[in-house]
Amino acid sequence: MPDPGLSPLPAHLPAAAARLGADVLAQVLTGPAAEAPAPPAAPRWIPGGPSGLGTASVSLARPAPLPVPDTVPDPAEAAPAAPSAAEGRPIPGLYFHPVPDPDPVRVDEVSRRIKDWAVDEVQLFPDEWEGQFDGFSVGRYMVACHPDAPTVDHLMLATRLMVAENAVDDCYCEDHGGSPIGLGGRLLMAHTALDPVHTTPEYAPAWADSLGSDAPRRAYRSAMDYFVRAASPSQADRFRHDMARLHMGYLAEAAWAETDHVPEVWEYLAMRQFNNFRPCPTITDSVGGYELPADLHARPEMQRVIALAGNATTIVNDLYSYTKELSSPGVHLNLPVVLAEREKLSERDAYLKAIEVHNDLMRAFEAAAADVAATFAVPTVLRFLKGVATWVDGNHYWHQTNTFRYSLPDFW
Ligand SMILES: CC(C)=CCC/C(C)=C(\C)COP(=O)(O)OP(=O)(O)O
Ligand SMILES: [Mg+2]
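Residues numbered from 1 in each chain as written. Chains lettered and ligands numbered in written order. Predicted model: local features only at pLDDT ≥ 70, side-chain atom pairs only at ≥ 80, totals over all residues. Heavy atoms only, no water.

As annotated in an unreviewed UniProt entry, the chain is Terpene synthase from Streptomyces hydrogenans. Its UniProt record gives the chain the following Sequence similarities (unreviewed entry) comment, quoted word for word: "Belongs to the terpene synthase family. 2-methylisoborneol synthase subfamily." Its UniProt record, at the heading Catalytic activity (unreviewed entry), says of the chain: "(E)-2-methylgeranyl diphosphate + H2O = 2-methylisoborneol + diphosphate". (UniProt positions renumbered as here; feature names shortened; annotations may be inferred.)

Peer 1: Tell me about the overall build of the chain, and please be specific about residues and values.
Peer 2: A tally of helices and strands in the chain yields 18 helices and 0 strands. Sorting the 412 residues of the chain into buried and exposed places 53% on the buried side. A sequence separation of at least 24 residues applies to 76% of the contacts in the chain between residues at least 6 apart. (Helix = DSSP H or I, 4+ residues; strand = E, 2+ residues; numbered from the N terminus. Buried < 20%, exposed > 50% of the residue type's maximum accessible area, 1.4 Å probe, protein only. Contact = heavy atoms within 4.5 Å.)

Peer 1: An account of helix α11 (residues 265-274) is needed here, citing residue identities and associated values.
Peer 2: For α11, the set of buried residues is Val265, Tyr268, Met271 and Arg272. Buried residues along α11 cover an arc of 120 degrees about the axis, so they all sit on one side. On its buried face, α11 sits against α10 (233-258), α14 (300-320) and α16 (335-342). (Arc of directions from axis to C-beta.)

Peer 1: Lay out the site of ligand 1 with the relevant residues and their values.
Peer 2: Taken together, 19 residues sit near ligand 1, with Asn317, Lys324, Glu325, Arg405 and Tyr406 positioned nearest. Measuring from an oxygen atom of ligand 1, one finds a side-chain N or O atom of aspartate 169 at 3.1 Å. At 3.0 Å, a side-chain N or O of arginine 405 approaches an oxygen atom of ligand 1. When contributions to the shell around ligand 1 are tallied by element, the ones reaching two or more residues are α6 (152-173), α10, α14 and α15 (322-326). It is α6 that contributes the most residues to the shell around ligand 1, 4 residues altogether. (Near = heavy atom within 4 Å. Polar contact = N/O pair within 3.5 Å; in protein donor to acceptor, adjacent residues only side chain to side chain.)

Peer 1: How would you sum up the packing of α10 against α11? Please name residues and give values.
Peer 2: One can describe the packing of α10 onto α11 by two numbers: an axis separation of 6 Å at closest approach and a directional angle of 140 degrees. In terms of axis orientation, α10 runs oblique to α11. Only Glu267, Tyr268, Met271 and Phe274 of α11 make contact with α10, whose side of the interface consists of Arg245, Leu246, Met248, Gly249, Ala252, Glu253 and Trp256. In the contact of α10 with α11, the residues fall into 7 nonpolar, 1 polar and 3 charged. (Axes fitted to C-alpha atoms, helices over the stretch in contact; angles between N-to-C directions. Parallel < 35°, antiparallel > 145°, perpendicular 65-115°, else oblique. Nonpolar A, V, L, I, M, F, W, Y, C, P; charged D, E, K, R; others polar.)

Peer 1: Please set out the coordination of the magnesium ion (ligand 2) residue by residue, giving values where relevant.
Peer 2: Here the magnesium ion (ligand 2) is held by the protein donor atoms Asn317 (OD1), Ser321 (OG) and Glu325 (OE), which lie 1.9 to 2.3 Å from it. Sequence positions of the residues that donate to the magnesium ion (ligand 2) give the spacing N-x3-S-x3-E. Judged on exposure class, the residue serine 321 and its partner glutamate 325 are both buried. (Donors = N, O, S within 2.8 Å, 3.2 Å for Na, K, Ca; no water.)

Peer 1: Any details on the side chain of aspartate 318? Residues and values, ideally.
Peer 2: Take aspartate 318: it is sitting in helix α14. Setting aside chain neighbours within four positions, we find aspartate 318 in contact with Tyr268, Arg272, Asn334, Leu335 and Pro336.

Peer 1: Before we move on, can you summarise unusual backbone geometry with the specific residues and values?
Peer 2: Positive phi, normally seen in glycine, also occurs at glutamine 123, with a value near 40 degrees. You can see glutamine 123 is positioned in the loop between α3 (104-121) and α4 (130-136). Glutamine 123 sits in the partly exposed class, given a relative accessible area of 43%.

Peer 1: Run through the pattern of salt bridges, naming residues and quoting values.
Peer 2: The final tally for this structure, using the stated rule, is 19 salt bridges. Measuring nitrogen to oxygen at the nearest pair gives 2.8 Å for the salt bridge that ties arginine 112 to glutamate 109. Of the two residues, arginine 112 and glutamate 109 both sit in helix α3, 3 residues apart, roughly one turn of that helix. Its salt-bridge partner being aspartate 242, residue arginine 245 comes within 2.7 Å of it at the nearest N-O pair. One end of the pair, arginine 245, and the other, aspartate 242, are both in helix α10, 3 residues apart, so they sit about a helical turn from each other. Comparing arginine 245 with aspartate 242, the two get one shared label, buried. Put simply, Glu109, Arg112, Arg113, Asp116 and Asp153 are held in one network by salt bridges that share partners. (Salt bridge = Lys/Arg side-chain N within 4 Å of Asp/Glu carboxyl O.)

Below you can see the structure in the form of structure tokens.
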């Protein structure tokens, strides 16, 4: 319940944050530190120290600056966003929040630097894949998802990891030489580029050499090396855990592909919670130059927010990549395909039902995030929630506007 004594919301209140407990955020932005509300329980992350605003400084983790104003528009606000210059139309009936086109100066710089990294530092792709690399538009993607990154160097942390993650997916799992056969061994070896092997002097050199032996491993190793140098140890470990989740999801999908098994809808959604964009929004604090303390990240309430955000973003992919996946060889599982098979729906009805599933996930994400914002009203939490919500919106923007990669089915 908002405190009637609070100042009105600041005009610059970020839209993504405004969806996440605007009253709580306003209190943090305007209220004096001593009067800021403490979380109701006595959480372990305040070890006998002060509570409320500023408690981030008692943690070993780097404190977060106050939430910063951003340029993400709130669709509910009077002033409409400038019309997007980008191509692509949104899926009719999809619940999403439009964002302004990302800063073109940053996009150009990130695009230039990521191409140099891919070509010169990790030899990521042969010449004939250059068009696909460019068409992926990863610079536009990452600038849209991280408008609060303090510098281009911060943006590059996310951009290298995004490229490396897609290289592993494409080259190990999917259409650039990937296969379900033997995937477990390949993925585990690649995972050691993120989570190093500690072994005997006799065997360590062979492992170290292996990290340079293919493009996915070179990309993981280099991207992680940059990330580890910029992030705290607990942020790096959070990322490793999320990547282990991702690899487990790839393996379940591959196991089903090997036996032509179409899972139940709930089983598919469970797999897709792991084979998921989650490792991308959860680095929002590293990319923003602050840290959500590990104990707050680990709270079950925060874990639910993160899982729902990852699930909504990933079903967005299922919807926008539907026609691409229909035209790929064999059966490519995505939510509309599984719904059609398991619930005996037409392709169109299955697609429309998948939109509803997505919309329910989005609403559940926003409700869960608002609850967390109200319960743990400290700047790190609020900024992290805003960062995740902004990532969700930027991810939608990229899918909608990436007409090189995606096109909508003819259902309307
Ligand atoms: C960037 C990242 C962590 C990706 C992990 C999983 C992944 C590749 C997706 C969630 C995207 O799904 P999909 O493999 O279906 O991608 P496309 O539809 O081919 O774009
Ligand atoms: Mg897809």
